[in-house]
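Inside the fold
Chain by chain, the residues run as shown.
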Amino acid sequence: MCGIVGYAGKQSAAPIIIDGLRRLEYRGYDSAGIAVHDGRGIEVVRALGKLRALSDALAARPLGGSLGIGHTRWATHGRPSEENAHPHVAGQVAVVHNGIIENHAALRRQLAADGVRFASDTDTEIIAHLVDRALKSAPSLFEAVRAALAQVTGAYAIAVLSKAEPGTMVAARHGSPLVIGYGDGELLCGSDISALLQHTRDMVFLEDGDVAELKAPAGGAPAARIHTVTGGAVERPVKRIDWSPTMAERGGFKHFMLKEIHEQPDAIAATLRGRLDLEGGDVHAGEIGVSAETARAIRRVYLVACGTSYHAALIGRYWIEALARVPVVVELGSELANRAAVFFEDDLVVAVSQSGETFDTLAAVKAAKAQGARVLAVANVLDSAIPRLAHGSLYTRAGPEIGVASTKCFTAQLAALYLLAVYLGRRRGALDDARGRELLEALCAVPGHIHSLLGDADYVRGVATKLVDAKDVLFLGRGYNYPIALEGALKLKEISYAHAEGYAAGEMKHGPIALIDAELPVVCIAPKDASYDKTLGNVNEVRARDGVVIALATRGDEAMHDLAQHIVWLPDAPETVLPLLTVVPLQLLAYYVAARKGHDVDQPRNLAKTVTVE
Ligand code: BG6
């Protein structure tokens, strides 16, 4: 998830683009760049690191011109560096891009075979070369971009300049968001409205497959036209926006955490993109660096993590044991790093970390690697410390997570661990293509299920009012739902500061049942899965002691409806993907309790997004 901005008008483009990028920095901040057409040619300035570095570079080398494009990056293909920063230039053309080109490897091979030399490791540079080549025969930049995009598969929002057309910017989208702003004598484009609101409230939201030509000829009136990649002209309505710029950065949500909860369908879809072979029932994950032979030789899998990532690892264990038939050990980073653990060369140690920088997890990985174990990183930040140390990486693609309490990165981690389990299962012969297909089709349906769960957010807000005054809350679950109970409790602790405990429902009778009375709300995660009957028994035990039950149950479950005081319905989905669904109402529950208490939900007390100290 990167941020792009474009400007075509009468004013100096650079300051307007930099200001727009500043408002998009929540989308990515590992490098940035700008290209401005000064009427004679295109000047490009890029810098590694936060936007500040680019502003400093521009202070030293100001760019004149009233046509420009800019980018702030969240690396997915090609590590954060100046040469991988956008804009990417090829011949006459400069391109900024947000998204992932799925067939970039094949296109790169084709272009290389034609003698093209690449200056970066990015998928984006491919687009620049395709447009530049198309320009040789196309009547205009607009047509050249359309011809280039007809060869591309994947997700993109792009803005393009050509040396040969000083007054023209071309923008296009498929899968990634892009807005056009109609200002007074100027046209803008951006990844979201927050980048444009300083200049106009009149916006056009491009749809998938749209290509827009934005012209602001010197001394002439600005004009825009929109066509589809391969078809004719299309009309898109101009919408008047009444949000404040701050609201816009949060996409109209009150907090980044709530926005990120709603971004989960996209985060999961992006994490799956280009990695599924649905026909063959298999997973493409060459980047993890585990060959079929190595996969078969794995003696034991270690999953190591901290905080919310640890709960993802606990669920990863269920999938890897069940689908790949290899023993799995799950460890807290801080504990593993401080124990004389023994690792073998045929151990696979999987470090799960959103930031990729957590000290305890890093220390545990170092210990494992020192004893010859193979290390795989499941991380969200490209080229962070743990992936750099690991032999291979399976990146989640959730984009930057601003809220300290992790939400979209948790479900993206689950999606990545699910892919890993299927990948290992296929190579170890534990899964055949039919079962592989079934598992992957279930995973592909998850974003849609989460969409429907998010549709019930208001109802969950109502249930949350029952917890606002609770001093203690107990979360219960069995099997896959046990780590989800832990995660639900952690979310409530992190942001509402209430004491909450997650417990294996089967363990309740061995202790916590003593806590149950009419004052204690008990959240029971009880979908119709293999452990349903036992969980129903536990709910009865809680009700028998006047406990207040909030149940997460499969839609239509009358028995649970009759038992629980409050019920949150879950879609009827295959058991294996339920953890990606059951956590969503619990994230919302915690959010609404904390918001109702007036807490700083995005920056809760005493917590940090990344802990790089022991
Ligand atoms: C904590 C964060 O500091 O670290 C949690 O507040 C997170 O949200 C935990 O789960 C582990 O971080 P990471 O980056 O290793 O997943």
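Coordinates for the structure precede this section.
Before going into details, it helps to say that this report is about the structure given with it. Bear in mind the structure is a predicted one, so any value in this text is a computation, not a measurement.

1. A few points about the packing of aromatic side chains
Considering all chains together, one arrives at six aromatic pairs under this definition. Pairing Tyr318 with Tyr480 gives two aromatic rings, centres 5.2 Å apart and planes at 45°, and the pair type is tilted. Remark: Tyr480 occurs in the loop between strand 22 (472–477) and helix 18 (481–496) and Tyr318 occurs in helix 10 (residues 307–324); sequence separation between them is 162 residues. By relative accessible area, which is 12% here, Tyr480 ends up buried. Ring geometry for Trp319 against Tyr480: centres 6.3 Å apart, planes inclined by 45°, an arrangement best described as tilted. With a gap of 161 residues between them, Trp319 in helix 10 and Tyr480 in the loop between strand 22 and helix 18 connect regions that are remote in the sequence. Across the pair, Tyr480 and Trp319 agree in class, each one buried.

2. So, the sheet that holds strand 11 (residues 202–205)
Strand pairing in a sheet is mediated by backbone hydrogen bonds. Such pairs are either parallel or antiparallel. Ordered by their spatial adjacency, eight strands build an open sheet running 3-2-4-1-10-9-11-14, and the pairing between neighbours is antiparallel. Of all strands in the sheet, those bounded by a partner on one side alone are strand 3 (42–48) and strand 14 (239–240). Across three bridges, strand 9 (residues 179–182) lies against strand 11 in antiparallel orientation. Bridge pairing in strand 11 links Val179 to Phe205. The strands touched by helix 1 (residues 13–23) within the sheet are strand 1 (3–8), strand 2 (31–37), strand 4 (67–73) and strand 10 (187–190), with strand 4 carrying the most contacts at an inclination of about 25°. Across the face of the sheet, helix 2 (residues 51–60) comes into contact with strand 2 and strand 3 while running at roughly 135° to strand 3.

3. Thoughts on helix 1
For helix 1, a buried count of nine out of eleven residues is recorded, marking the element as mostly surrounded by other parts of the structure. Within the sequence span of helix 1, burial applies to Ala13, Ala14, Ile16, Ile17, Ile18, Asp19, Gly20, Leu21 and Arg23.

4. Some remarks on the pattern of salt bridges
Tallied over the entire structure, the rule returns 30 salt bridges. Note that Arg275 and Glu287 form a salt bridge whose closest N and O atoms lie 2.8 Å from each other. You can see Arg275 sitting in the loop between helix 8 (264–272) and strand 15 (276–277) and its partner Glu287 sitting in the loop between strand 16 (282–283) and helix 9 (292–297), a full twelve residues away along the chain. The exposure class of Arg275 is buried, given its relative accessible area of 3%. By relative accessible area, which is 35% here, Glu287 ends up partly exposed. Through salt bridges with shared partners, a single ionic network connects Glu207, Asp210 and Arg236.

5. Things to note about the nonpolar core
Judged by nonpolar contacts, the single largest core of 93 residues is most densely connected at Trp319, Ile320, Val350 and Leu424. Broken down by element, this core gets its largest block of residues, 13 residues, from helix 21 (residues 578–596). Those residues in contact with Trp319, other than ones at most four positions away along the chain, are Ala324, Leu414, Leu417, Tyr418, Ala421, Tyr480, Thr576, Pro579 and Leu580. Counting residues in hydrophobic clusters, the runner-up holds 29 residues, among them Ile126, Ala128, Leu141 and Ile158.

6. Topic: the site of the ligand
Every one of the 14 residues lining the ligand counts as a neighbour, but Ser309, Ser353, Gln354, Ser355 and Thr358 are closest to it. Note that an oxygen atom of the ligand is positioned 3.0 Å from one of the backbone N or O atoms of Val404. Here Ala608 contributes a backbone N or O atom positioned 2.7 Å from an oxygen atom of the ligand. Computed on the free molecule, the ligand has an accessible area of 390 Å², of which 92% lies beneath the protein chains in the complex. The element that contributes the greatest number of residues to the shell around the ligand is helix 10, accounting for three residues. In the shell around the ligand, the residues fall into four nonpolar, eight polar and two charged.

Parameters at a glance
Residues numbered from 1 in each chain as written. Predicted model: local features only at pLDDT ≥ 70, side-chain atom pairs only at ≥ 80, totals over all residues. Heavy atoms only, no water. Phe/Tyr/Trp six-rings, centres within 6.5 Å; stacked < 30°, edge-to-face > 60°. Helix = DSSP H or I, 4+ residues; strand = E, 2+ residues; numbered from the N terminus. Buried < 20%, exposed > 50% of the residue type's maximum accessible area, 1.4 Å probe, protein only. Pairing = 2+ DSSP bridges. Contact = heavy atoms within 4.5 Å. Axes fitted to C-alpha atoms, helices over the stretch in contact; angles between N-to-C directions. Salt bridge = Lys/Arg side-chain N within 4 Å of Asp/Glu carboxyl O. Core = buried A, V, L, I, M, F, W, Y, C linked by side-chain atoms within 4.5 Å. Near = heavy atom within 4 Å. Polar contact = N/O pair within 3.5 Å; in protein donor to acceptor, adjacent residues only side chain to side chain. Areas by Shrake-Rupley, 256 points an atom, 1.4 Å probe, with all protein chains shown as cover. Nonpolar A, V, L, I, M, F, W, Y, C, P; charged D, E, K, R; others polar.

This is a description of form; function is not addressed.
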